[in-house]
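# Summary of structural features
One-letter residues, chain by chain:
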Amino acid sequence: MKTTLKRGVGRSADGNGRPVLPPATVSAVTRYQQPPPPGSFGLALFRKIVVGTLLVITSLAIGIAGGVYLYFHQSVASVRAHSSDVKIAQKALNVSLPGQPAIALALGYDQRAGKEFSTVSRSDTIMLIRADPATKTISLLSFPRDLIVPIYCKDGLVAHDRINSAYARCGATGSLDTVKELTGLPINYLITLNFHGFKEIVDQLGGVWMDIDRRYYNRNVGTAATDYSNINLQPGYQLLSGERALEFVRFRHTDSDFYRLARQQSFVRALKQQVSNHFSPFELPKLVSTITKNIEVGAATHFSDTTVLQYALLAATLPGGHFFQVRLDNVTGYSQLDASASTIKQAVEEFVNPDVSSSKAANASALGEKIKTPKTKAPPVADTTVTVLNGNGVPGSAANASYLLAQRGYVTVLPPGNLQPNAPTQDYFHSVIYYDPKVAVAKPAALALQKLMQPADVKPLAADSPLHTLDPGSMLLIVVGQTFHNELTAPTVPTVKIPPRQKPTVTLDPAVGAELLAPYKSKVPFALENPTVLAQNSYPDHLGSDEPIRYYWITKGHKAIRMVFQIGGNQYWGIQETDWTDAPVLGDRSFRHSLNGREFEFFYTGTHLHMVALNANGATYWVINTLLDSLSNETMIAIAKGLKPVPHGK
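Scope of this entry: the structure provided in the associated data block.

Thresholds applied
- Residues numbered from 1 in each chain as written.
- Predicted model: local features only at pLDDT ≥ 70, side-chain atom pairs only at ≥ 80, totals over all residues.
- Heavy atoms only, no water.
- Pairing = 2+ DSSP bridges.
- Helix = DSSP H or I, 4+ residues; strand = E, 2+ residues; numbered from the N terminus.
- Salt bridge = Lys/Arg side-chain N within 4 Å of Asp/Glu carboxyl O.
- Buried < 20%, exposed > 50% of the residue type's maximum accessible area, 1.4 Å probe, protein only.
- Disulfide = S-S within 2.5 Å.

## Thoughts on the sheet that holds strand 15 (residues 385–390)
- Judged by pairing direction, the sheet is mixed, and its five strands sit side by side in the order 16-15-19-17-18 without closing on themselves. Two strands lie at the open edges of the sheet, namely strand 16 (411–412) and strand 18 (456–460), each paired on one side alone.
- Pairing of strand 17 (residues 431–435) with strand 19 (residues 476–480) involves four bridges; the strand directions are antiparallel. From the neighbouring strand, Tyr435 faces strand 19, where its bridge partner is Leu476.

See the structure below:
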């Protein structure tokens, strides 16, 4: 084929091989232009500058986006299993199905001697993390490191020992097999993190904002009483560096492993709050780089960038009240802990069935309101007609779903005119249940069916939808997506017990708070609030020469007061007062209530009311429960309602 291009015209290089831009179109016609009208030259030049600037900015944005994607792609590849320890362990992991809940086992260890593994390294942190995209929930289940359990290693049961010894005996494989045998759960991911990496990640975030429940202090001078790690933390909400955060989550020497687990879970919650509300995307590359240097992730199959981004987005956009912290109850012992099989089973059931309505029911119970149980308006399944279409490109999916629904009693109807049951597009991720908006009971019927096909979305069938050609007039039109795996889910049976309403265990004592606050009334730029109602048997905490009240700069331009009360043992609750009204912790509200004409915000972890915030006087006042949430919901509300303004500066 001959070309009409002359040498040097339309080519990408000159005679010396150097790249050049193609010249303008060759033409024998000369184009004449009228001179611009007076005064238009400046406007034309301005337009050219604006257009040119926009092109440069757009190109720069595309270049940055492309660079970030490539960087992220490489970084995700870097966190995949690369040590022989994790590569061996990941062979025992279960495959994670798209759209289904995924469970990860997170192991935090103190060191790794040698190239791969050290027999002296034990896993101080053993935590299960479950992420469910259908219910938009994340739940945590931690195990005390001194819990005596059957240890599984290589060929099977090897001993009954502390659960953290599994890592010392057989590395990550030992921990994975032991936890799987203990819980009976399928585990999809294995995450390992050394504590040096923990510090680096926190520092890369610029620190993590956490609430410290009390004074923590130890200076190791070699005596028996001080022979544990150094720590020096004041109480109150504050920004912790990586080193300080590690000291906090590992501390257990004056309380027990239960409190350490609570500190670890509170750290995870604080990290989620900060990333969700106060993290700039421009910080992502550095953070990802730090993570890839210190975290290793094992999976049964190759996980993609999309998978990582989906889980990250789930965590970042988690609604209030959808983060659950599950703890083992009825554990006995001190240096060696024991838990019955029923205790483990109950914790596992709560872990895999996080009930997003539980905090709402617990809140209504605490306020003395009637717990509303929505009346089911859905018609019987025998009166519900459904047509199932394939939207995932997998042959037979629609037929399988239709058969399973018929087995449950639904009336299945084929598309009209012998049309194939295939949606116009085959790129559905979640299944979608479309309902006829003109039929009153259609939406309740769709919501009832949604419980059997999770994860699935419920949508009205638009009047102009191309799906109408495949609809024989059924009440529901279902398009199965990639998350449908030829089975229906069983309706979730709530396992969480809603605490019954009880009287608050409080005492009226306005003198204690008034005395503590008196020296600081003129030092803060906002009115203080006196806690006139205190939890029963509590008293201001005096540790050594430290005062039970702290006055400090919480962040630049904002001051704070923190009062610490003890209720025996190592149980501490507190009052935080500050004019910093957009702290990260305040972005995770569960409910807002107006009580006695004042505005309160409630923050729940499952059925436990962990914090109540009063918003008044241009400031915010927090009542914070103990680490183990030992104050009842009613007690927390009573303390918050008992806050009374202190005249400023008097």
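## Notes on the pattern of salt bridges
- According to the stated counting rule, one finds nine salt bridges in the structure shown.
- The salt bridge involving Arg562 is made with Asp211; its shortest N-O contact spans 2.6 Å. With Arg562 in strand 25 (residues 558–566) and Asp211 in strand 7 (residues 208–212), the pair connects residues that are 351 residues apart, well separated along the chain.
- Taking the relative accessible area as the measure of exposure, Arg562 reaches 1% and is therefore buried.
- Look at Asp211 and you get partly exposed, because its relative accessible area is 22%.
- A salt bridge links Glu601 to Arg592, with the nearest nitrogen and oxygen atoms 3.1 Å apart.
- Overall, Glu601 belongs to the buried group, its relative accessible area being 7%.
- Assessed through its relative accessible area of 46%, Arg592 is described here as partly exposed.
- Three or more residues joined by partner-sharing salt bridges are found here, namely Arg589, Arg592, Glu599 and Glu601.

## Some remarks on the pairing of strand 5 (residues 156–162)
- Note that strand 4 (residues 148–153) and strand 5 share six bridges and pair antiparallel. Each bridged residue has a counterpart across the sheet, and for Ile148 the counterpart in strand 5 is Arg162.
- Connecting strand 4 to the antiparallel partner strand 5 that follows it, the hairpin turn spans two residues, and Lys154 within it adopts a positive phi of roughly 60°.

## Some points on the state of the cysteines
- Under the counting rule described, the total for this entry stands at one disulfide.
- Between the sulfur of Cys153 and that of Cys170 lies a disulfide, 1.2 Å long from S to S. Here the disulfide of Cys153 and Cys170 is left-handed, its torsion about the S-S bond being about -45°. With Cys153 in strand 4 and Cys170 in helix 3 (residues 165–183), this residue pair connects regions lying 17 residues apart in the sequence.

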